[in-house]
Amino acid sequence: MLQWLKSGAVLTITGTVALSCCACGTDSSNLNETAAESIGDHDWENSMELFYAEGFRVDYYEDGYVLITIGDDGQYLVVPEGQEMPDQVDESVTVLQQPIEHIYLAASAVMDMYVSLDALDDIRFSALDTDGWYIDEAVSKMESGDILYAGKYSAPDYELILSEGCDLAIENTMIYHTPDVKEELENFDIPVLVDYSSYESDPLGRMEWIKLYGVLTGETELAEQVFERQTALYEEAGSAETEASENAGTRPTVAFFYITTSGAVNVRKTSDYLPKMIEQAGGSYIFDDLGGDDDSASSTVTMQMEEFYAAAKDADYLIYNSTIEGELDNMEDFLALSDLLKNFKAVSENHVYCTANNLYQASMELGTITSDIRNMLQGDADHLTYLYRLE
């Protein structure tokens, strides 16, 4: 679970905003309890109300100035269009002058948030090429040339990015595997914001990050509306299926996994957001306490096929994660992955489902995906968006 913002976010030193930053962005022990009283001559007004997200904080100041804090990874002062940067802002604070356009987007989970905010025009560069996107709006923008491929996150096309100008690079935490890239972007005066939404273990916490991007785009009200719609779907999926499960007396068990090229099995930790979505939909994740003693940032565990078979052979439902190696066409393709699969209970009962390729990029559809899982458990295979049954 994220703990970054349990104790606040900002230090104030005679009107100066300051934060002691850590390169890894995972330890919040140095954050105190209160926001800065002022930024220059602009007094603090209030903080954004967050219900589930634990990885960021937003503080509002007079005249439209906004301070975003992402764990201890960085602070970002959003300066309204037409306003000037306040005096005495600490050099550790990244200044973002609105409008924030010509964005280089390397955090794929953020694309769906910009689609939901009707703000794709703010994105000019992508770290994925056209064939890497499963979001129709992103593909269309790239095919029309409105969004340009500017090299992957570890090797951006600096010349292209600089030739057109770039107000912001949005990266995911993979950027810390190539820290020289982050440093180079900043050397070119391109601000870098690292997205940590994937570190949220609560599905609603992951989607609540849209409120941060609502601030950047100036679409805070729309961000609230989009979040509330998905929250309603998520809660509806829980209330409907929980009642059905209670009536039946038991919850159907579900395994979510994929098989690696070496024949090992990759499964989600029990604390991960996907098992929580299964539980919300009325199912029971087959692994009661998987990865509980593992404090690494990884959300998955890899085990041998024989170990997986012993634990999951009697699961009522299997969901195969095809987002890694590609979608499966039929049951024959599934059974070809391992000789042991034919012995699973879910195979004999025709309860094997596959994810669509766009599952992970649909970061603002977790309510819909939870509804899919509910429909699967209720035997409704005809009303699924991100899952499909293997025949």
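Residues numbered from 1 in each chain as written. Predicted model: local features only at pLDDT ≥ 70, side-chain atom pairs only at ≥ 80, totals over all residues. Heavy atoms only, no water.

Chemist: What should I look at first to understand the overall build of the chain in this one?
Modeler: Broken down by element type, the chain carries 12 helices and 20 strands. The contacts of the chain with a sequence gap of at least 6 include a subset with a gap of at least 24, amounting to 62%. Of the accessible surface of the chain, which amounts to about 17,200 Å², a share of 43% is contributed by carbon and sulfur atoms. (Helix = DSSP H or I, 4+ residues; strand = E, 2+ residues; numbered from the N terminus. Contact = heavy atoms within 4.5 Å. Areas by Shrake-Rupley, 256 points an atom, 1.4 Å probe, with all protein chains shown as cover.)

Chemist: Is there a simple way to think about the packing of helix 1 (residues 108-116) against helix 6 (residues 210-217) in this case?
Modeler: Packed helix pairs are characterised by how far apart their axes lie and by the angle those axes make with each other. Following both chains from N to C, one finds helix 1 and helix 6 inclined at 60°, their axes separated by 10 Å at the closest point. In terms of their interaxial angle, helix 1 and helix 6 are classed as oblique. In terms of crossing hand, the pair formed by helix 1 and helix 6 is right-handed. Here Val-110, Met-113, Tyr-114 and Ser-116 of helix 1 lie close against helix 6, whose contacting residues are Ile-210, Tyr-213, Leu-216 and Thr-217. (Axes fitted to C-alpha atoms, helices over the stretch in contact; angles between N-to-C directions. Parallel < 35°, antiparallel > 145°, perpendicular 65-115°, else oblique. Left-handed = near helix turned anticlockwise from the far one by under 90°.)

Chemist: Would you explain helix 1 in this entry?
Modeler: An α-helix turns once every 3.6 residues. As a result, residues three or four positions apart point the same way. Of the positions making up helix 1, those classed as buried are Val-110, Met-111, Asp-112, Met-113, Tyr-114 and Val-115. Phi turns positive one or two residues past the end of helix 1, at Asp-118, with a value near 55°. (Buried < 20%, exposed > 50% of the residue type's maximum accessible area, 1.4 Å probe, protein only.)

Chemist: Help me out: how do you make sense of a negative patch on the surface in this one?
Modeler: A surface patch of negative charge is lined by Glu-37, Asp-41, Asp-43, Glu-45, Asp-63, Glu-84 and Asp-87. Relative to the elements of secondary structure, Glu-37 occurs in the loop between strand 2 (16-18) and strand 3 (38-39). (Patch = residues over 30% accessible without salt bridge, like charges linked within 9 Å, V, L, I, M, F, W, Y side chains within 5 Å. Salt bridge = Lys/Arg side-chain N within 4 Å of Asp/Glu carboxyl O. Lys, Arg positive; Asp, Glu negative; His and termini not counted. Charge placed at Lys NZ, Arg CZ, Asp CG, Glu CD.)

Chemist: Please clarify how empty space enclosed by the protein should be interpreted in this entry.
Modeler: Where empty space is left becomes clear once a probe the size of a water molecule has been rolled over the atoms. Enumeration according to the criterion identifies one cavity of 30 Å³ or more in this entry. Here the largest cavity defines a volume of roughly 40 Å³. Residue composition of the lining of the largest cavity, grouped by class: seven nonpolar, no polar and no charged. (1 Å grid on protein atoms, 1.4 Å probe; cavity = no way out; pocket = protein on both sides within 12 Å on 5 of 7 lines; lining within 4 Å. Points joined across faces, edges and corners; volume = space filled by probe spheres on them. Nonpolar A, V, L, I, M, F, W, Y, C, P; charged D, E, K, R; others polar.)

Chemist: Sorry if this is basic, but what is going on with the packing of aromatic side chains here?
Modeler: The description of two aromatic rings rests on the distance between their centres and on the angle between their planes. Taken as a whole and assessed by the stated rule, the structure comprises 14 aromatic pairs. For the ring pair Tyr-196 and Tyr-199, a centre distance of 5.1 Å and an interplane angle of 75° mean the geometry is edge-to-face. Clustering of aromatic rings is evident, with ring pairs tying together Phe-257, Tyr-285, Phe-287, Phe-308, Tyr-309, Tyr-320, Phe-334 and Phe-344. Above the face of the Tyr-273 ring, Arg-206 is positioned so that its terminal group lies 3.6 Å from the ring centre. (Phe/Tyr/Trp six-rings, centres within 6.5 Å; stacked < 30°, edge-to-face > 60°. Lys NZ or Arg CZ within 6 Å of the ring centre and 35° of its normal.)

Chemist: Sorry if this is basic, but what is going on with the pairing of strand 5 (residues 56-61) here?
Modeler: For a regular strand, side chains alternate in direction, first toward one face of the sheet and then toward the other. Along strand 5, five of the six residues are buried, which leaves the element largely enclosed by surrounding structure. Two strands pair when backbone bridges link them, and strand 4 (residues 42-47) and strand 5 are joined in this way by three bridges, in the antiparallel orientation. When the bridges of strand 5 are listed, Ser-47 appears paired with Asp-59. Of the strand pairs in this sheet, strand 5 and strand 6 (residues 66-70) are connected by five bridges, and their pairing is antiparallel. Residue pairing across strands places Tyr-60 opposite Val-66, the latter belonging to strand 6. (Pairing = 2+ DSSP bridges.)

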